[in-house]
Each structure stands twice: as C-alpha cells, then as structure tokens.
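Spelled out, the chains give:
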Amino acid sequence: VFNSTELKDTHYIYSHSYSKVEFLRSDSNVGKYVGFREFGMKNAERWNNDPHVLSWRRAQKEMFCHHNSEVWYRKVLLRSVKPSVRLHSTAPPGGHHPAMLVCSVYDFYPKQI
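For clarity, every value in this text was computed on a predicted model and none was experimentally measured.

J.: Which parts of the structure should I look at to understand the sheet that holds strand β3 (residues 32-35)?
T.: Backbone-to-backbone hydrogen bonds pair the strands of a sheet. The strands run either parallel or antiparallel. Overall, antiparallel pairing links the three strands, which are arranged β1-β2-β3 in an open sheet. Edge positions in the open sheet fall to β1 (13-18) and β3, since each of these has one partner strand only. Taking each pair of neighbouring strands and ignoring which way they run, the sheet shows an average axis angle of 20°. Pairing of β1 with strand β2 (residues 21-27), which is carried by six bridges, proceeds in the antiparallel orientation. In the strand pairing of β2, Ser17 is matched with Glu22. The sheet strands contacting helix α1 (residues 37-48) are β1, β2 and β3, and the helix crosses β3 at an angle near 165°.

J.: Help me understand the environment of Phe39 in this model?
T.: Position of Phe39 relative to the elements: it lies in helix α1. Along the primary structure Phe39 and Leu24 are separated by 15 residues, whereas in three dimensions their C-alpha atoms are 8.5 Å apart.

J.: Would you take a moment to explain α1 for this structure?
T.: Since one α-helical turn is 3.6 residues long, residues separated by three or four positions face the same way. Across its 12 residues, α1 extends 16 Å between first and last C-alpha, which sits within 8% of the 16 Å expected from 1.5 Å per residue. Inspection of α1 places Gly40, Asn43, Ala44 and Trp47 among the buried residues, and these make up the whole buried set. Looking straight down α1, one finds that the buried residues subtend no more than 105° of arc, so they occupy a single side. Away from its buried face by more than 90 degrees, α1 exposes Glu38, Lys42 and Glu45.

J.: Explanation requested: a nonpolar patch on the surface in the structure shown.
T.: A cluster of nonpolar side chains, contributed by Trp56, Met63 and Phe64, occupies part of the molecular surface with about 370 Å² of accessible area. The topology assignment puts Phe64 in helix α2 (residues 51-77).

Reading guide: rules and limits
Residues numbered from 1 in each chain as written. Predicted model: local features only at pLDDT ≥ 70, side-chain atom pairs only at ≥ 80, totals over all residues. Heavy atoms only, no water. Pairing = 2+ DSSP bridges. Helix = DSSP H or I, 4+ residues; strand = E, 2+ residues; numbered from the N terminus. Axes fitted to C-alpha atoms, helices over the stretch in contact; angles between N-to-C directions. Contact = heavy atoms within 4.5 Å. Expected span 1.5 Å × (residues − 1). Buried < 20%, exposed > 50% of the residue type's maximum accessible area, 1.4 Å probe, protein only. Arc of directions from axis to C-beta. Patch = residues over 30% accessible without salt bridge, like charges linked within 9 Å, V, L, I, M, F, W, Y side chains within 5 Å. Areas by Shrake-Rupley, 256 points an atom, 1.4 Å probe, with all protein chains shown as cover. Salt bridge = Lys/Arg side-chain N within 4 Å of Asp/Glu carboxyl O.

Function-wise, these values are silent; they only describe arrangement.
Here it is in structure tokens:
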C-alpha cells in the first residue's frame, strides 16, 4: 500500500492463507508476524524469535516495494481517466417520494476523484 514514492509512506503486508483463510501476516507497520488461529500463532512466534527472518522481511519491503512503487507511481498513479456519469430518475421501491435522482459514476482512476 503506497501513496508516494517515499519508502516511509509504504505499508508492506505479506500474508499466508490456506483455503482463502489468512492464518499469518507480516505487516511493516507492526514490525513482526501476527498469527491467526493456532497454526499461524505458532509460526508467528517461531519467526518473530528469528532475527534473520525478521531482517529478511524488512529487506523485502525495500527491495520489492521501493523499486516498484516508483514505477507504478510514474506509470499509473500520475495518470487519470475521465469518468463517465449517468444521471437518471427512478421511483424508489415502497418509498413515499414519487421519484429519486440517481447519479452513477463509472470508469475513473484514481479512486480519490
């Protein structure tokens, strides 16, 4: 997660999942592994007690995130796409008002617009 090219503004999350259920996460803002459920908590405790594992994970943030955030920021985030807007009137289901104005906006980037 990033909003600039500065490494300090990057939030690096590395997670392990099984059958779409997360059981272990390394979060750069927390600085250690956090386990969910018994299996994840056992592994988090083991990896948090190993300084090599923690230093490797911290290095991953710099190796992977810093380089890629510069590329993505220049190539994607500095560009924008013109949105399309659809405005129409509709009758609300079971409402007391005779009509409702609906404004829908599609295909825009970045999402902060």
